[in-house]
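# Structural overview for review
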Amino acid sequence: MTKMSTTSSEIHGKETELVSQHLTPSAKRHLRRRHRKETRFLIYGRGAVFFALSALTWLLVSLVWMGITTFRQNYIQLNVALDAAVIAPDGNVDSEALRRADYREVIRKAMTGLMPEVTDETERMALYDLVSKSGAENEVRQRLYNAPALLGETLQISAPTSDHVDQLLKGHIKRSVPETRRKLSDQQVLWVDVLKDRGVITSKFNSILLSQADSRDPELAGVAGAVIGSVLIILIAFLLALPIGVGAALYLDEFAPRNRWTDYIEISINNLAAVPSIVFGLLGLAIFINILGFQRSIPVVGGMVLALRAFPTIVIATRSALQSVSPSLVDGALSLGASHTQAVFQQKIPLATPGILTGSIIAMAQVLGETAPLLMIGMVAFVTDVPSSIADPATALPVQIFLWSENAERAWVERTAAAILILLFILVMMNGFAIWLRNRLEKRNLN
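Model, not experiment: these values are computed from the prediction.

## Examining helix α11 (residues 224-255)
For α11, with 32 residues, the first-to-last C-alpha span of 45 Å sits near the 46 Å given by 1.5 Å per residue. Its axis deflected by about 25° at Ala-241, α11 carries its strongest bend there, up to four residues before the proline Pro-243.

Have a look at this one:
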């Protein structure tokens, strides 16, 4: 390779020498200045590409470094004695009473059972802090609600550890930090090490992250509700923006009369693509919520707002795809007796379809990352359930990331990075699907 480069350079140098022999001194100086400018341009271009790749690599490495540990979670195995005298002291054992019962005492006893030597009440409370209280209690409550016959037996559960224990075992809480500046005392760190050595605390895949909705406790927080909310929002936006955007582009490009009003509409649509997204949120707030009376924080409103955001991008992409089709195809159809409408729908649109769909999917990927418009229509609400319809309260993944990023605890930083990785993965999948669809349709058109 080096030999080839050297040979090419030598040839170029010899050619330059041959050409230079026939140039005047002024022309030679001009030629050298031009060569220096071209060399500087190449250096600037390569520097810009190197800088962009370095920044992208740094971003991805940082996100992976901070977020990859979120996909593992530490769990603690507990044998919970479902004592009827503690859970249902009034003797009421129907399902509704069991759902409202207080399970803190049985969890506390289960934790004490792991360390029988702990008898002091203060130490028992410190031991109880090692487990996720809400996680353990909800697990017992749900299983007893589903099977009340378990009352009086001993239940084996696998509950998440508290976020502090999880961060300690992942190395994010330094043991060398003085006890007064640490979330866990030296005694608690010792208990964690003992339970880890006994196999009571184990690390597993964090299924909570991908199967649960948001939570106040980081160890119980997941992105499932936000991902489903984003899917519903994007689906509604796609169904609204695609036919309207493609229809508007088709009319403006093929059927609209060329006059001042058409030019004004085209310029307005092009300018809409540059309008800050928060303006579309204000528009949606004014029209859909204040005038039409839609409920806040539901996917159908989010989808309509993001459809407004995607509309100009789809129009521009569709017009570009239509204009890329050779006019000779339409002229040929017209010369064979087809009407203008037939030529457009039977010749031009099929050839422009790959570009239209690719532009539309990329527009959807663009609006998937939008946060500001959704904040304006109230999709910043704390939602702990996974939405099951377009009318259920929901949030979106970018909004979830925004909410988590406001918390300073290390566990939330970890989960914020993981949520960003999930969002990037979805965006890459959407763009990959757009490329695959474009190539497939182009091959079909060629055949």
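## Some details on the sheet that holds strand β1 (residues 72-81)
Consider a sheet: its strands pair through backbone hydrogen bonds, and that pairing is either parallel or antiparallel. The three strands are arranged β2-β1-β3 in an open sheet whose pairing can be described as antiparallel. Each edge of the open sheet is held by one strand with a lone partner, namely β2 (154-160) and β3 (201-205). Between one strand axis and the next, the sheet turns by 35° as a mean value, whatever way the strands run. Sheet topology note: the β1/β2 ladder contains seven bridges and is antiparallel. Counted as the bridge partner of Leu-78 is Ile-157 from β2. Here helix α7 (residues 133-146) sits on the sheet in contact with β1 and β2, set at roughly 140° to β2. Across the sheet, helix α9 (residues 186-198) is in contact with β1 and β3; its angle to β3 comes to roughly 70°.

## Considering the packing of aromatic side chains
For any pair of aromatic rings, the description rests on two quantities: the centre-to-centre distance and the angle between the ring planes. Evaluation of the coordinates by the stated rule reveals three aromatic pairs. Relative to Tyr-264, the ring of Trp-261 lies with its centre 6.4 Å away and its plane at 85°, an arrangement referred to as edge-to-face. Residue Trp-261 and its partner Tyr-264 are both found in helix α12 (residues 260-272); the two are separated by three residues, about one turn of the helix. By the burial criterion, Trp-261 is exposed, and Tyr-264 matches it. One residue, Lys-204, lies across the ring of Tyr-75, its end atom 5.4 Å from the ring centre. Lying over the aromatic face of Phe-382, Arg-216 brings its terminal NZ or CZ to 3.8 Å of the ring centre.

## Examining the domain arrangement of the protein chain
The domain boundaries assigned to the protein chain delineate domain 1 (70-205) and domain 2 (223-446). Relative placement of domain 1 and domain 2: their C-alpha centres are 46 Å apart. Interface area for domain 1 against domain 2, summed over the two sides, is near 700 Å², with a carbon-plus-sulfur share of 51%. The partner of Lys-170 in a salt bridge is Glu-414, and the shortest N-O contact between them spans 3.5 Å. In this structure, the connection of domain 1 to domain 2 is made through four residue pairs in polar contact (both at pLDDT 80 or more). The element best represented in the side of domain 1 that touches domain 2 is helix α8 (residues 163-169), accounting for four residues. Residues belonging to the side of domain 1 that touches domain 2 are distributed by class as follows: one nonpolar, five polar and three charged.

## Re the pairing of β1
Pairing of β1 with β3, which is carried by five bridges, proceeds in the antiparallel orientation. Along β3, the bridge assignment pairs Arg-72 with Phe-205.

## Here's the deal with the UniProt feature "transmembrane region" (unreviewed entry) in the protein chain
Those residues carrying the UniProt feature "transmembrane region" (unreviewed entry) are residues 41-68, 220-252, 272-292 and 417-437 in this numbering. Annotated as residues 41-68, this span is 96% helix and 0% strand, and its ends, taken at the C-alpha atoms, are 40 Å apart. Helix makes up 100% of residues 417-437 and strand makes up 0%, while its end C-alpha atoms are separated by 30 Å.

## Points about the nonpolar core
Residues Val-223, Val-301, Ala-310, Met-364, Leu-374, Ile-377 and Leu-397 are the most contacted members of the largest nonpolar core, which totals 47 residues. For this core, the secondary-structure elements that each account for two or more residues are α11, α13 (277-291), α14 (299-323), α16 (340-368), α18 (397-405) and α19 (410-446). It is α19 that contributes the most residues to this core, 10 residues altogether. Counting 37 residues, the second largest nonpolar core, distinct from the first, contains Met-111, Ala-159, Trp-191 and Val-200.

## Considerations on the pattern of salt bridges
What the rule picks out here adds up to 17 salt bridges. The salt bridge involving Glu-266 is made with Arg-258; its shortest N-O contact spans 3.2 Å. Each member of the salt-bridge network shares a partner with another, and the members are Asp-253, Arg-258, Asp-263, Glu-266 and Arg-319.

## Points about a positive patch on the surface
Taken together, Arg-29, Arg-32, Arg-33, Arg-36, Lys-37 and Arg-40 make up a surface patch of like positive charges. As for its placement among the helices and strands, Arg-29 is situated in helix α2 (residues 25-67). Classification of Arg-29 by relative accessible area gives partly exposed; the value is 43%.

## Section: the UniProt feature "domain: ABC transmembrane type-1" (unreviewed entry) in the protein chain
As annotated in UniProt, the feature "domain: ABC transmembrane type-1" (unreviewed entry) corresponds to residues 227-434 in the numbering used here. Within the segment residues 227-434, helix and strand shares are 76% and 0% respectively, and the terminal C-alpha atoms sit 20 Å apart.

## Remarks on α7
Counted at 1.5 Å a residue, the expected span for α7 with its 14 residues is 20 Å, and the 20 Å between its end C-alpha atoms agrees. Buried residues of α7: Gly-135, Ala-136, Glu-137, Val-140, Arg-141 and Leu-144, and no others. Buried residues belonging to α7 abut β1, α3 (84-87), α4 (95-100), α5 (104-114), α6 (121-128) and β2.

Conventions and cut-offs
- Residues numbered from 1 in each chain as written.
- Predicted model: local features only at pLDDT ≥ 70, side-chain atom pairs only at ≥ 80, totals over all residues.
- Heavy atoms only, no water.
- Helix = DSSP H or I, 4+ residues; strand = E, 2+ residues; numbered from the N terminus.
- Expected span 1.5 Å × (residues − 1).
- Bend = angle between axes of the 7 residues up to and from the residue.
- Pairing = 2+ DSSP bridges.
- Axes fitted to C-alpha atoms, helices over the stretch in contact; angles between N-to-C directions.
- Contact = heavy atoms within 4.5 Å.
- Phe/Tyr/Trp six-rings, centres within 6.5 Å; stacked < 30°, edge-to-face > 60°.
- Buried < 20%, exposed > 50% of the residue type's maximum accessible area, 1.4 Å probe, protein only.
- Lys NZ or Arg CZ within 6 Å of the ring centre and 35° of its normal.
- Domains from an automatic or database assignment.
- Buried area = accessible area lost by both parts, 1.4 Å probe.
- Salt bridge = Lys/Arg side-chain N within 4 Å of Asp/Glu carboxyl O.
- Polar contact = N/O pair within 3.5 Å; in protein donor to acceptor, adjacent residues only side chain to side chain.
- Nonpolar A, V, L, I, M, F, W, Y, C, P; charged D, E, K, R; others polar.
- UniProt positions renumbered as here; feature names shortened; annotations may be inferred.
- Core = buried A, V, L, I, M, F, W, Y, C linked by side-chain atoms within 4.5 Å.
- Patch = residues over 30% accessible without salt bridge, like charges linked within 9 Å, V, L, I, M, F, W, Y side chains within 5 Å.
- Areas by Shrake-Rupley, 256 points an atom, 1.4 Å probe, with all protein chains shown as cover.
- Lys, Arg positive; Asp, Glu negative; His and termini not counted.
- Charge placed at Lys NZ, Arg CZ, Asp CG, Glu CD.

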